[in-house]
Amino acid sequence: MKCTSCKQGRLLPSLLEGEFRAHTCSNCSGHWILIEDYVSWKERNQQYSFKENIHYELDDTKLIN
Ligand SMILES: [Zn+2]
């Protein structure tokens, strides 16, 4: 799966903050998150906010398999 940001790197499965399911780009180190993962995680961690220096691509078009 290619990175949606730089179009060059590969998105590798990773966990952010120890438990947040995401993918990290091997080229630009960008984080890519399924909107459904974000929503379900947010429901369980309503008080939590990420560090300001972390940026996310929220791309709901990727919900289509
Ligand atoms: Zn990238």
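The shown structure was predicted, so the numbers you read here are calculated from the model rather than taken from an experiment.

Colleague: Outline the pairing of strand S1 (residues 11–16), supporting the account with residue identities and numerical values.
Modeller: For S1 and strand S2 (residues 20–25), the ladder comprises six bridges, and the chain directions are antiparallel. Considered in S2, the bridge of Leu-15 is made with Arg-21. Between S1 and the antiparallel strand that follows it, S2, lie three residues; Glu-17 among them carries a positive phi value of about 55°.

Colleague: Please give an account of the pairing of S2 that cites residues and values.
Modeller: Counting buried residues along S2, five of its six residues qualify, which places the element largely inside the surrounding structure. Here two bridges tie S2 to strand S3 (residues 31–33), and the two strands are oriented antiparallel to one another. Along S3, the bridge assignment pairs Thr-24 with His-31. The loop that links S2 with its antiparallel partner S3 comprises five residues; one of these, Ser-29, has a positive phi angle of about 60°.

Colleague: Break down the coordination of the zinc ion for me, citing the residues and quoting the values.
Modeller: In the first shell of the zinc ion, the protein supplies Cys-3 (SG), Cys-6 (SG), Cys-25 (SG) and Cys-28 (SG), at 2.3 Å from the metal. Because the angles between the four donor atoms bound to the zinc ion fall within 103 to 116°, the donor set is best described as tetrahedral.

Colleague: Summarise unusual backbone geometry; cite the residues concerned and give the values.
Modeller: In the Ramachandran plot, Lys-7 falls in the positive-phi region, its phi being about 65° despite a non-glycine side chain. With respect to the helices and strands, Lys-7 occurs in the segment before S1. Taking the relative accessible area as the measure of exposure, Lys-7 reaches 58% and is therefore exposed. If you check the backbone angles, Ser-29 has positive phi at about 60° while not being a glycine. Secondary-structure assignment places Ser-29 in the loop between S2 and S3.

Colleague: A description of the environment of Gln-8 should follow, citing residues and the corresponding values.
Modeller: Position of Gln-8 among the secondary structure elements: in the segment before S1. Taking the C-alpha atoms as reference points, Gln-8 and Asn-27, 19 residues apart in sequence, are found 6.7 Å from one another. Aside from chain neighbours lying at most four places away, what touches Gln-8 is Lys-2 and Asn-27.

Colleague: Hey, could you go over the environment of Gly-30 for me, with residue numbers and the actual values?
Modeller: Along the chain, Gly-30 falls in the loop between S2 and S3. Classification of Gly-30 as partly exposed rests on a relative accessible area of 23%. Linking Gly-30 and Ser-5, residues 25 residues apart in sequence, is a C-alpha distance of 7.5 Å. Apart from the residues within four sequence positions on either side, Gly-30 is in contact with His-23, Thr-24 and Cys-25.

The rules behind each value
- Residues numbered from 1 in each chain as written.
- Predicted model: local features only at pLDDT ≥ 70, side-chain atom pairs only at ≥ 80, totals over all residues.
- Heavy atoms only, no water.
- Pairing = 2+ DSSP bridges.
- Helix = DSSP H or I, 4+ residues; strand = E, 2+ residues; numbered from the N terminus.
- Buried < 20%, exposed > 50% of the residue type's maximum accessible area, 1.4 Å probe, protein only.
- Donors = N, O, S within 2.8 Å, 3.2 Å for Na, K, Ca; no water.
- Tetrahedral: all angles 85-135°; square planar, octahedral: opposite > 155°, others 65-115°.
- Contact = heavy atoms within 4.5 Å.

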